[in-house]
Amino acid sequence: MDTFRPDLYRDPDLVAGLAAKIAGKAAQIGRKVKIMHICGTHEHEMGRHGLRGLLPENVEVLAGPGCPVCVCDQLYIDQAIALSQEPGVILASFGDMLAVPGGVPLEGERRGDVRMSLLDARARGGDVRAVYSVFDAVRIAHENPDKEVVFFSVGFETTVVAVAALLLRGAPAELSILEANYYTPPATRLLPSLPGFDIDAFLLPGHAAAVTGIRIYEHLPREHGIACAAAGFEPVDQLAGILAVLRQIAAGEPRLENAYPRVLAEDGNVKAQEKLFRVFELVPKRWRGIGVIPESGFDLLPEFDRWSARERFKGLLPEARREGEHPRGCRCAAVTLGQSKPSECPAFGAMCTPDDPYGPCMVSGEGTCRAWYLYGAGDGSLEVRA
Ligand code: SF4
């Protein structure tokens, strides 16, 4: 593996060369090609670097369910909000999670169907703190031995590994984990079965695959004839991934390809996988806007129950999911599945902006609506504001 060199991976000549090869391969294919990524960082970086603008007209890259904040079930958010209102509880979570609306209506608001977020919970007196990792939550627990610290753990396998490593090492008794942890590969089993699914290729998430490896996605080419390449995030990485899948499509030979070899081993990080599955088990999980996907979430194994917020606060957590998965009129469900563009939502840029988000996809830096609001659509049809 070589060293990370942003100058190399953003090199204009390399980028132009890859764009030319992509144009040539797309011309050879001679029909519309749809590529889906399932990674919020891919979407963010694609927008930030204007990569869609470098692609030929017949190559479209769509965002799939790759933002953990966006797919986090509203019930988990409601549970985190409920805990934050308990006396003596400090609720810690990633900053991106704090503005995401749950299912509880926010009374007194005039616009639309506005729901309560953890920021609103903080405004109502809850001790809600933004953290960068579970280790910040540990520090808060050490500093507040008379309090209960709940880490609202929202993320994919990359995030969950850190929690597993912590619990194997031992964590403060005052700390507990509220799991909203998602596992990417099972979502790619569900997507091809959805009505109208017409994706030719997947750009697999480089960092999640660095944990799991790529063989876990073997079903995509084998069962569905979908071309696949795991890709990194810099312009050269993403364009190399796109070129890899176009080559497979042109040759009529869909397969798994590692287009991120400087980081990604085909078998992934075996030590990280071993830690992950010593602490967590795979369970069915509800993805917001998608539904329940078998074995797509991580819950703590029973032997780690002493750190489970659900066990510790049994009876205090709401268990019923409220009506309406997303606020009324929000199209995040379709955006998350690549079936709608953010700009097709009437609320986009009007009653829904990064400063005042109405739906979950406008909140996180990995949300598709937020990326499109900041960086445009890549075809000049939207103002670029970042
Ligand atoms: S712009 Fe996006 S996040 Fe906002 S309401 Fe529409 S679909 Fe939902």
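Keep in mind that this is a model prediction, so the values were computed, not measured.

Caption draft 1: View of the overall build of the protein. If you tally the helices and strands in the protein, you get 16 helices and 11 strands. Projected onto its principal axes, the C-alpha coordinates of the protein cover approximately 65 × 50 × 40 Å. For the protein, buried positions account for 51% of its 386 residues.

Caption draft 2: Spotlight on the sheet that holds strand β6 (residues 175-182). Taken in spatial order, the six strands line up as β4-β3-β5-β6-β11-β10 in an open sheet, and their pairing is mixed. Sheet topology places β4 (127-131) and β10 (280-287) at the edges, where each strand pairs with a single neighbour. Each strand axis lies, on average, 25 degrees off the axis of its neighbour in the sheet, ignoring direction. With two bridges joining them, β6 and strand β11 (residues 291-300) adopt antiparallel strand pairing. Paired with N181 across the two strands is F298, which belongs to β11. Against the sheet, helix α7 (residues 134-143) makes contact with β3 (89-94), β4, β5 (148-155) and β6, and its axis sits at roughly 175 degrees relative to β5, the strand it touches most.

Caption draft 3: Focus on the environment of V150. Structurally, V150 is set in strand β5. Separated by 16 residues in the primary sequence, V150 and V134 place their C-alpha atoms 9.8 Å from one another. When neighbours within four sequence positions are excluded, V150 is seen to be in contact with L83, V89, L91, A92, S176, L178 and A309.

Caption draft 4: The arrangement of unusual backbone geometry in detail. Of note in this structure, E295 is not a glycine but carries a positive phi near 50 degrees. Inspection of the secondary structure assignment puts E295 in strand β11. Taking the C-beta count within 10 Å as the criterion, E295 has 14 such neighbours and is therefore assigned partly exposed.

Caption draft 5: Seen up close, the packing of helix α2 (residues 12-29) against helix α12 (residues 235-251). The N-to-C vectors of α2 and α12 enclose an angle of 20 degrees; their axes lie 9 Å apart at closest approach. One way to sum up the angle between α2 and α12 is to call them roughly parallel. Taken as a pair, α2 and α12 cross one another with a handedness that is left-handed. Seen from α2, the contacting residues are L14, V15, L18, A19, K21, I22, K25, A26, Q28 and I29; seen from α12, they are P235, V236, L239, A240, I242, L243, L246, R247, I249 and A250. Per-class residue counts for the contact of α2 with α12 are 16 nonpolar, one polar and three charged.

Caption draft 6: Representation of helix α3 (residues 40-48) within the structure. What α3 keeps buried is the set G40, H42, E43, H44, M46 and G47. Along its buried surface, α3 packs onto β1 (33-37), β2 (59-63), β7 (201-205), α12 and α16 (368-375). Following α3 by one or two positions, G50 adopts a phi angle in the positive range, close to 65 degrees.

Basis of the calculations
Residues numbered from 1 in each chain as written. Predicted model: local features only at pLDDT ≥ 70, side-chain atom pairs only at ≥ 80, totals over all residues. Helix = DSSP H or I, 4+ residues; strand = E, 2+ residues; numbered from the N terminus. Buried ≥ 20, exposed ≤ 12 C-beta atoms within 10 Å, placed from the backbone. Pairing = 2+ DSSP bridges. Axes fitted to C-alpha atoms, helices over the stretch in contact; angles between N-to-C directions. Contact = placed C-beta atoms within 7 Å. Parallel < 35°, antiparallel > 145°, perpendicular 65-115°, else oblique. Left-handed = near helix turned anticlockwise from the far one by under 90°. Nonpolar A, V, L, I, M, F, W, Y, C, P; charged D, E, K, R; others polar.

By themselves, these are just geometric observations and shouldn't be taken as functional.
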